[in-house]
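One letter stands for each residue in the lines below.
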Amino acid sequence: MCGIVAYVGKKEAFPILMKGLRRLEYRGYDSAGVALLNGELRVHKCKGRVDDLALFTNGKNVSGAIGMGHTRWATHGPPNDVNAHPHTSGDGRLCIIHNGIIENYSSLKEELSKRGHQFVSDTDTEVFIHLIEDIQKSEKVVLEEAVRLAMQSVVGAYAIVVASQDEPDKLVAARMSSPLVVGVGIDEFFLASDATPIVEHTRNVVYLNDEEIVVLERGKDLVIRNIQNQEKAPYIEELEIQLEKLEKAGYDHFMLKEIHEQPTSIQDSLRGRLDAGKGIIALGGIRDFEQALVNAKRIIIVACGTSWHAGLVGEYLFEEIARVPVEVEYASEFRYRNPIINEDDIIIAISQSGETADTLAAIRLAKQKGATIFGICNVVGSSISRETHAGAYTHAGPEIGVASTKAFTAQLTVLSLMAITLGRKNGKLPESRFRLLLSELELIPEKVKRALECEEQTKELAEIFQFATNFLYMARGYNFPVALEGALKLKEISYIHAEGYPAAEMKHGPIALIDRQMPVVVVATNESAYEKIVSNVQEVKARGGRLIVITTRDDEDLRELADYVIQIPRTEEPFSPMLSVIPLQLLAYHIANLRGADVDKPRNLAKSVTVE
Ligand code: AGP
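Within any chain, residue numbers begin from 1 and follow the written order of that chain's sequence. Owing to the predicted nature of the model, reporting of local features is limited to residues with pLDDT of at least 70; listing and counting of side-chain atom pairs is limited to 80 or more, with chain, interface and lining totals taken over all residues. The side-chain quantities take in all heavy atoms of the structure and omit both hydrogens and water.

> So, the overall build of the chain: which residues are in play, and what are the values?
Along the chain, the regular secondary structure elements total 20 helices and 27 strands. Within these notes, the globule rule equals 2.2 Å times the number of residues to the 0.38 power, and the radius of gyration is based on C-alpha atoms. A globule of 612 residues ought to have a C-alpha radius of gyration of about 25 Å, and the chain, at 26 Å, matches this closely. Summarising its shape, the C-alpha atoms of the chain cover approximately 80 × 50 × 45 Å along the three principal directions. Classification of residues uses two cut-offs on accessible area relative to the type maximum, computed with a 1.4 Å probe and protein chains only: under 20% is buried, over 50% is exposed, and between them is partly exposed. Going through the 612 residues of the chain one by one, you find that 62% of them count as buried. Per-residue accessibility takes into account occlusion by the displayed protein chains alone, with areas from the Shrake-Rupley method and a 1.4 Å probe. By element, 47% of the accessible surface of the chain is carried by carbon and sulfur atoms, the whole surface being about 22900 Å². A residue counts as positive if it is Lys or Arg and as negative if it is Asp or Glu; His and the chain ends are not included. Charge coordinates come from a single atom per side chain, which is NZ of Lys, CZ of Arg, CG of Asp or CD of Glu. Here the chain contributes 68 positively and 85 negatively charged side chains, and the mean placements of these two sets differ by 1 Å. The helix count covers DSSP runs of H or I at least four residues long, the strand count covers runs of E at least two residues long, and both are numbered beginning at the N terminus.

What follows is the structure in structure tokens.
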């Protein structure tokens, strides 16, 4: 996903922009660039990392107190110097940076070409700035008005920042389905795709809404208008993200830091929502729609990736605790298969970033069909969170590592709270079990802390299995999604192929894969199916598989069978995924680290997939 950062103020913009781009690197990108306005408009951009851009700008004029920076994740046109942002207008006097996709760029490009415009890149972004140029020249209007008029012709999702050499004291930015945050400092403004580049400068932010255009002019207050040209009063919020949270806090990678943050992030996701002593659960964000949740004949969970795995755990939670039918859908499939959606359906969108294009499109479709939409997001003010009727934020804090870890367990925390709330409201959850689950949920942060103590064992296992080429993960019941998640963690950061399976499914094919070269990870923490999972372990053992077993029991029989055993604390079955995933996260991390992989920014991956 592309990253945007911009500055209007009295300081030199360049160092602010470069540091801001580094804060945004986690989003995944393949080229970077900056534009500085200082009498002249100067653009510097190149393929590669932000460090490459720093080298590229050595010796060049990067002065100016107004500027913009961009990291590009290629969607239209390959990663190269020409396709990098910023892009300039035909006369070179305007420039733009953009996050998103212009869907009708081909027809716009054709029209503009007929009017004499010439293009140098393959990008949709360049078409946008030529359109703004064309409008400004024909309508003879100021930059923000040209942007507003251009937005009426453009179809797509975008966040843009535009500058003009002829209006050298301002930047104009606009948002349409792609996030943009304004930082309001003292006599200075910041703009970014999310708050991470802003927080060290100011905690006062304005989240732009769709169809809004903001003018940031030196020495003036910020002005927000919508596409209908109506002025909107800026709503300034105070950021809660602390800068130190953005640092690695002494860990080698953000991912390891975030794995170890899970006792805190789960605690934060429970904070103010659970009081076991008083038998209280309070999810303020769904209170106004609790009756809709109780009346729901069906819950449909839409998500992608790790969030989809959280949704699968949610299916077990809602069906066992609240006895409500649940369907879990890949958002990318759901949005295109003309799904049956009833007005009494509840759709729950799960998304760490709150910007995943497929998930956003899925809820928009469901909304059009009259369903009530709940959201479980980790980023306040994110697009998905703003388009739902109700929801509950995970308070996992910024998750910088591309591989999701603390967001996953925070999602499970919120899903647990929702399922217990529903079970309580619809009478399916008996008082005794309600109180038991509340008490146990309160203990989870401490139990996760104890589960993290297995890290040394996972380091030893990483040494043994770092050269494996395939892994199998097996589990049953609530932990079946954990097998999928463990496999995803390994493959996305170590590039080792891995598959997760329901343990009983092994004999329907995958067992043919098992031999001495195939490490098999078995999550055997289910009380209800313990004997069955042990027999699955025996099946693997009999075929020479190398067994890593995650268990809650000090079980001699299991120790006899397994090559390696990791013991984690016991908990109520609905909450076991929050514990059993911990050793799998650590195992994946340490294998990837030993293999020298770029753990926080794995190849080909972006932290948030905001394009299809
Ligand atoms: C998880 O480790 C991956 N990085 C990826 O599958 C991610 O979960 C998926 O892209 C969904 O992202 P979201 O939660 O921000 O919507």
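Next comes the rest of the description.
> If you had to explain the nonpolar core to someone new, which residues and values would you point to?
The term nonpolar core refers to a set of buried residues drawn from Ala, Val, Leu, Ile, Met, Phe, Trp, Tyr and Cys, joined through side-chain atoms within 4.5 Å. Counting 90 residues, the largest nonpolar core has Ile-299, Ile-348, Met-418, Ile-420, Phe-471 and Tyr-473 as the members making the most contacts within it. Excluding anything up to four places from it in sequence, Ile-348 contacts Ile-299, Ile-300, Ile-301, Val-302, Phe-318, Phe-374, Ile-376 and Met-418. Ranked by size, the runner-up nonpolar core spans 28 residues in total, among them Ala-146, Val-147, Val-172 and Val-215. What makes two residues a contact is simply this: any of their non-hydrogen atoms within 4.5 Å.

> Lay out the packing of aromatic side chains in plain terms, naming residues and giving numbers.
Within 6.5 Å between ring centres, the rings of Phe, Tyr and Trp (the latter by its six-membered ring) count as paired, and their orientation is classed by plane angle as stacked under 30 degrees, edge-to-face over 60, tilted in between. Under the counting rule described, the total for this entry stands at seven aromatic pairs. Ring centres of Phe-128 and Tyr-158 lie 5.1 Å apart, and the angle between their planes is 90 degrees; this geometry places the pair in the edge-to-face category. With Phe-128 in helix H4 (residues 124–139) and Tyr-158 in strand E7 (residues 156–164), this pair connects stretches of sequence that are 30 residues apart. According to the relative accessible area criterion, Tyr-158 is buried, its value standing at 0%. Relative to Phe-471, the ring of Phe-465 lies with its centre 6.0 Å away and its plane at 70 degrees, an arrangement referred to as edge-to-face. On the basis of relative accessible area, Phe-471 is assigned to the buried category, the value being 1%. Every member of this aromatic cluster is reached through a ring pair, and the members are Phe-465, Phe-471, Tyr-473 and Tyr-564. When the ring centre of Phe-434 is taken as origin, the NZ or CZ atom of Arg-424, which lies over that ring, is 4.1 Å away. The criterion for a charge sitting over a ring is simple: Lys NZ or Arg CZ within 6 Å of the ring centre, and within 35 degrees of the ring normal. Over the face of the ring belonging to Tyr-495 we find Arg-603, whose NZ or CZ atom lies 3.8 Å from the ring centre.

> Describe the sheet that holds strand E19 (residues 326–330), and please don't skip the residues or the numbers.
Strands pair in a sheet through their backbones, by hydrogen bonds, and they do so in one of two ways: parallel or antiparallel. The pairing criterion is simple: DSSP has to find at least two bridges between the two strands. Taken together, five strands build an open sheet; the order of strands is E19-E18-E20-E21-E22 and the sheet is parallel. The two strands at the open ends of the sheet, each matched to only one other strand, are E19 and strand E22 (390–391). Where strand E18 (residues 298–303) lies against E19, five bridges are found, and the strand directions are parallel. In the sheet register, Ile-301 faces E19, and the bridge partner there is Val-328. Lying over the sheet, helix H10 (residues 305–322) contacts E18, E19 and strand E20 (345–351), oriented at roughly 175 degrees with respect to E19. Set on the sheet, helix H14 (residues 406–425) makes contact with E18, E20 and strand E21 (372–377); between it and E21 the angle comes to about 140 degrees. Here an angle of 0 to 180 degrees is reported between the N-to-C directions of two axes, which are lines fitted to C-alpha atoms, with helices fitted over the stretch in contact.

> Mind laying out unusual backbone geometry, listing which residues take part and the relevant values?
Note that the residue after His-85, namely Pro-86, is joined by a cis bond; omega there is 5 degrees. Tracing the backbone shows Pro-86 in the loop between strand E4 (66–72) and strand E5 (87–88). Backbone geometry at Lys-140 places phi at a positive 50 degrees, although glycine is not the residue there. For Asp-187, which is not glycine, the phi torsion reads 55 degrees and is therefore positive. Within the fold, Asp-187 resides in the loop between strand E9 (181–184) and strand E10 (189–192).

> Outline the pattern of salt bridges, supporting the account with residue identities and numerical values.
We define a salt bridge as a side-chain nitrogen of Lys or Arg found within 4 Å of a carboxyl oxygen belonging to Asp or Glu. A complete count under the given rule lists 43 salt bridges for this structure. In this structure, Arg-433 engages Glu-320 in a salt bridge whose closest nitrogen and oxygen atoms are separated by 3.0 Å. Separated by 113 residues along the polypeptide, Arg-433 in helix H15 (residues 431–451) and Glu-320 in helix H10 bring together distant segments of the chain. Taking the relative accessible area as the measure of exposure, Arg-433 reaches 22% and is therefore partly exposed. With a relative accessible area of 33%, Glu-320 lands in the partly exposed category. Of the charged contacts in the structure, one is a salt bridge between Arg-570 and Glu-527, with a shortest N-O distance of 3.5 Å. With Arg-570 in the loop between strand E27 (564–567) and helix H20 (576–594) and Glu-527 in the loop between strand E25 (519–524) and helix H18 (530–542), the pair connects residues that are 43 residues apart, well separated along the chain. Judged by its relative accessible area of 30%, Glu-527 falls in the partly exposed class. Taken together, the shared-partner salt bridges in this structure form one network comprising Arg-175, Asp-210, Arg-364 and Glu-387.

> I'd like to hear about helix H3 (residues 105–114), residue by residue, with values.
Within the span of H3, buried status applies to Tyr-105, Leu-108 and Leu-112. Viewed along the axis of H3, the buried residues span an arc of 60 degrees, placing them on a single side of the element. Looking at the buried residues of H3, the elements they touch are strand E6 (94–102) and H4. Positive phi appears at Gly-116, one or two residues downstream of H3, with a value of about 100 degrees. The directions from the helix axis to the C-beta atoms are what the arc is built from.

> Can you tell me about helix H16 (residues 455–465), naming the residues and giving the values?
Three or more residues of H16 are buried, namely Glu-455, Thr-458, Leu-461, Ala-462 and Phe-465. Summarising the axial view, the buried residues of H16 lie within an arc of 115 degrees, below the 170-degree limit, and thus occupy one face. Looking at the buried side of H16, the elements it contacts are helix H7 (254–260), strand E23 (470–475), E25, strand E26 (546–551), E27 and H20.

> I'd like a rundown of the site of the ligand, residues and numbers included.
Near the ligand you find 13 residues, and of these Ser-307, Ser-351, Ser-353, Thr-356 and Glu-492 are the closest. Polar contacts, as used here, are pairs of N or O atoms within 3.5 Å; protein pairs need one atom able to donate a hydrogen and one able to accept it. Residues neighboring in sequence count only if both atoms are side-chain atoms. Interatomic distance of 2.7 Å between a backbone N/O atom of Gln-352 and an oxygen atom of the ligand. In this structure, Thr-356 approaches the ligand through a side-chain N or O atom, which is 2.5 Å from an oxygen atom. Isolated, the ligand exposes 410 Å² of accessible area, and the fraction of that covered by the protein chains is 91%. Among the elements of the structure, H10 and helix H17 (480–494) are those that each provide at least two residues to the shell around the ligand. Proximity criterion: a residue is near a molecule or strand once any of its heavy atoms comes within 4 Å of it.

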